[in-house]
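Listed here are the chains, written in short residue letters.
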Amino acid sequence: MIFGVLLPLPFDEPFDYSCDENLPLGTIVCVPWGKTQITGVVWSHTPSSDCPQEKIKKIIKTYNFPPLSKEIIELIKFVAKYNMAPLGMVLKMVISVKQVFNPEPTENYYLLTGKTLAEAKLKNSDTRWHIIDLLKHGSYTKKEICQGAGCGPSAIDTLLKAGVLKTETKTVNKEIPIKKAEFVPIKLTDEQKIAAEHIITKINSGFSVTLIDGVTGSGKTEVYFEVANEILAQNRQVLILVPEISLTTQWLERFEQRFGIKPACWHSNLSEKERANTWISIINGKAQVVVGARSALFLPYKNLGLIVVDESHDHSFKQEDFVNYQCRDMAVVRAKLEKIPLILSTATPDLETIVNIEKGKYDKVCLTKRFAGAVLPTVKIIDIKKDKPQKGSWGPSWLSPTLVKAIENNLEKGEQSMLFLNRRGYAPLMICRDCGHKIQCPHCTSWLAEHKSSGRLICHHCGYMMNRPKTCPDCHSEDGLTACGPGVERIAEEVSCRFPNARVKILSSDTTANLQDLSSAFAQIEEGKIDIIVGTQILAKGHHFPELTLVGIVDADLSLMGSDLRASEQTYQLLSQVSGRAGRGKKSGEVYIQTLNPQNLVLQSLLNNNRQQFLELEKQTRKMLIMPPYGKLAALIVSSESQSKASQIASALGQTAPNNQYITTLGPAPAPIFMLRNKYRFRLLLKTTRDINIQNILKIWLDKINIPKQVRVEVDIDPYSFM
Ligand code: ADP
Ligand code: ZN
Ligand code: ZN
């Protein structure tokens, strides 16, 4: 029989292979590919090309796993079509676990072939009989046989050569023994109880989406834990998707306390072996709860019963390399295919979700109060034009006298403070005071940021690094180079100079390179070993700092400046989340927001804790501009090492761009980061009304243009980044 086998490569079509057996669709197989072998999936029962029979290669073997389910096959097809990615690349996200399919060879195991000594023309001997006797009970390694039969290795080799024995290799992947979850109930608050019960009543009626809309610190996690427990009681699997950075010890400990087991984790820090073991326990249905970053959505669960998207507003759910997709939206698709409930959980839902609730597509439950009577922090806005930061002996200052005073008071009370600035390093830019030269990344249209702790200049777009030069690269002035603007390191420097006795800690992706570092930093904070935390958006995610009572936002205008469609929304979310870290314990909290635009509506809404006001305005703006969720967007990014080739294709796309009363194409225009990793980039933006099938339009448009090899045209449906 001939089968179409889909391979995890950038192709849309399966390749033909033959097999004597009839294999069900979804069977995971190993097939020859050029000079090597590759793992693929039986995709069709009919040949996909008219390749002559005799040229079709044979399937090498099938793996001993259940075939991929109908639902996951449908998911792969949907994700590929919706995001305009090759089918094979989406399949890759499902089966990219090298060690499952290419396990590292282990020792050889010896077993009997059935050939007798006489047939092999070998003489009887005690040693030979002992070996044959032993192997009647199973297969063993050479070392085990030597011990068990009291023989030397050469005796085994002789039997092997004569064909009495044969060898097989066994894989190293072991299923991890898994304890059954034993839920430890806690007393829920009335609001939590109502919310949990509401979702639980829907468990058995198939697909549904429910938003847990609860203020920071209201105990949303406890609500979805409660629902998860009901699913586990039905022997079905639970998937909890989180922004990767949330997967700290703090979260895991909380999970373990409630469920009595550790969840299976899925994130980029796993070793190949851990990945393989986890994948196997997922496809076999042994893993009860899986918690992971966005790629966990594509694992082959045996009997998935619930998906939770925690911090569902978070932009890290949008993947922007390799296959572009919005994990939250694809999670909805998966829940629909699997006919199961999905829970979104956040204090700052995105407009897309809110509009779906208004249309009645999604349901919602609300938690309006913080747990244990904790109150939301009070917010104060500081106009830094009036309340100007005052220079000190260390140099320029970024903290207004009001904020400095507040930190001082907090220190005196022995309470914890946190300063937030979404910028890594010491300074975003170095400039020469003598000649005005600015140090730029050689590979990108971007300045190099100074990182004082490592003595380096780093490009935050491509990772390029160089040692901080002693003299200006242009005029060679020896004392001209000056840091320009602040990053977290510089704020920490100022704080340390102002409060020499305070224990200051910087938290950014530079200082906490992995989840372990981050976990130990959080533990230090929790234990009260830190007085002032200075950090980037790493601080915004759902962590619980019970002792923290003061939050200072150093530069609220930073993220508002972005020209992208969601800049206001993202600022609102980020600042509410950061503010939400304060006053979660017994003591109440205060938030200070420094800005040049105190009248800005985002900040005013935060000041008045009036989310509705912000959302209404944001809705109006987007409606007027026919932007998502009221319209659809797709971006095209044309890139090439050759500027002229990129520009040529971009203008060809511009000339053939669809434009009518429902469709507008903007661009081509040079991308804000014109050069990235040595590639020149142009962007086009396609905007349509909701009822248009934007993928069809794109396909027709792209099919008209012949794109040469040196040029890449990337499609980004529902783009989040406009760089
Ligand atoms: P959110 O995710 O809504 O910001 P969390 O779920 O992190 O809030 O809860 C905040 C804190 O309150 C956590 O330390 C949590 O353990 C605690 N908490 C919430 N609900 C309860 C409850 N019913 N009983 C005991 N502790 C709770
Ligand atoms: Zn760069
Ligand atoms: Zn200079």
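In short, a report on the structure. Because the structure is predicted, anything quoted here is derived from the model rather than measured.

Section: the coordination of the zinc ion (ligand 2)
- In the first shell of the zinc ion (ligand 2), the protein supplies Cys441 (SG), Cys444 (SG), Cys459 (SG) and Cys462 (SG), at 2.2 to 2.4 Å from the metal.
- Around the zinc ion (ligand 2) sit 4 donor atoms; with metal-centred angles ranging over 105 to 116°, the donor geometry is tetrahedral.
- Assessed through its relative accessible area of 1%, cysteine 444 is described here as buried.

Here's the deal with the coordination of the zinc ion (ligand 3)
- Surrounding the zinc ion (ligand 3) are the protein donor atoms Cys432 (SG), Cys435 (SG), Cys472 (SG) and Cys475 (SG), at 2.2 to 2.4 Å.
- Coordination geometry of the zinc ion (ligand 3): the 4 donor atoms subtend angles of 108 to 111° at the metal centre, consistent with an arrangement described as tetrahedral.
- Counting the intervening residues between successive donors of the zinc ion (ligand 3) yields the motif C-x2-C-x36-C-x2-C.
- The buried category is assigned to cysteine 472, whose relative accessible area is 0%.
- The exposure class assigned to cysteine 475 is partly exposed, which follows from its relative accessible area of 33%.

Looking at the sheet that holds strand S1 (residues 2–6)
- Taken in spatial order, the 6 strands line up as S5-S2-S1-S4-S3-S6 in an open sheet, and their pairing is mixed. Across the chains shown, the open sheet's two edge strands, defined by having one partner strand only, are strand S5 (57–58) and strand S6 (61–62).
- Bridging between S1 and strand S2 (residues 15–18) involves 4 bridges; their strand directions are antiparallel. Bridge pairing in S2 places phenylalanine 3 opposite tyrosine 17.

Observations regarding helix H9 (residues 249–259)
- Turning to H9, its buried residues are Gln250, Trp251, Phe255, Arg258 and Phe259. Down the axis of H9, the smallest arc covering the buried residues is 150°, so these residues share one side.
- Where H9 is buried, its residues touch helix H8 (220–233), strand S11 (237–241), strand S13 (289–292), strand S14 (304–310) and helix H15 (515–526).
- Once H9 finishes, glycine 260 follows within two positions and takes phi at roughly 70°, a positive value.

Conventions used here
- Residues numbered from 1 in each chain as written.
- Chains lettered and ligands numbered in written order.
- Predicted model: local features only at pLDDT ≥ 70, side-chain atom pairs only at ≥ 80, totals over all residues.
- Heavy atoms only, no water.
- Donors = N, O, S within 2.8 Å, 3.2 Å for Na, K, Ca; no water.
- Tetrahedral: all angles 85-135°; square planar, octahedral: opposite > 155°, others 65-115°.
- Buried < 20%, exposed > 50% of the residue type's maximum accessible area, 1.4 Å probe, protein only.
- Pairing = 2+ DSSP bridges.
- Helix = DSSP H or I, 4+ residues; strand = E, 2+ residues; numbered from the N terminus.
- Arc of directions from axis to C-beta.
- Contact = heavy atoms within 4.5 Å.

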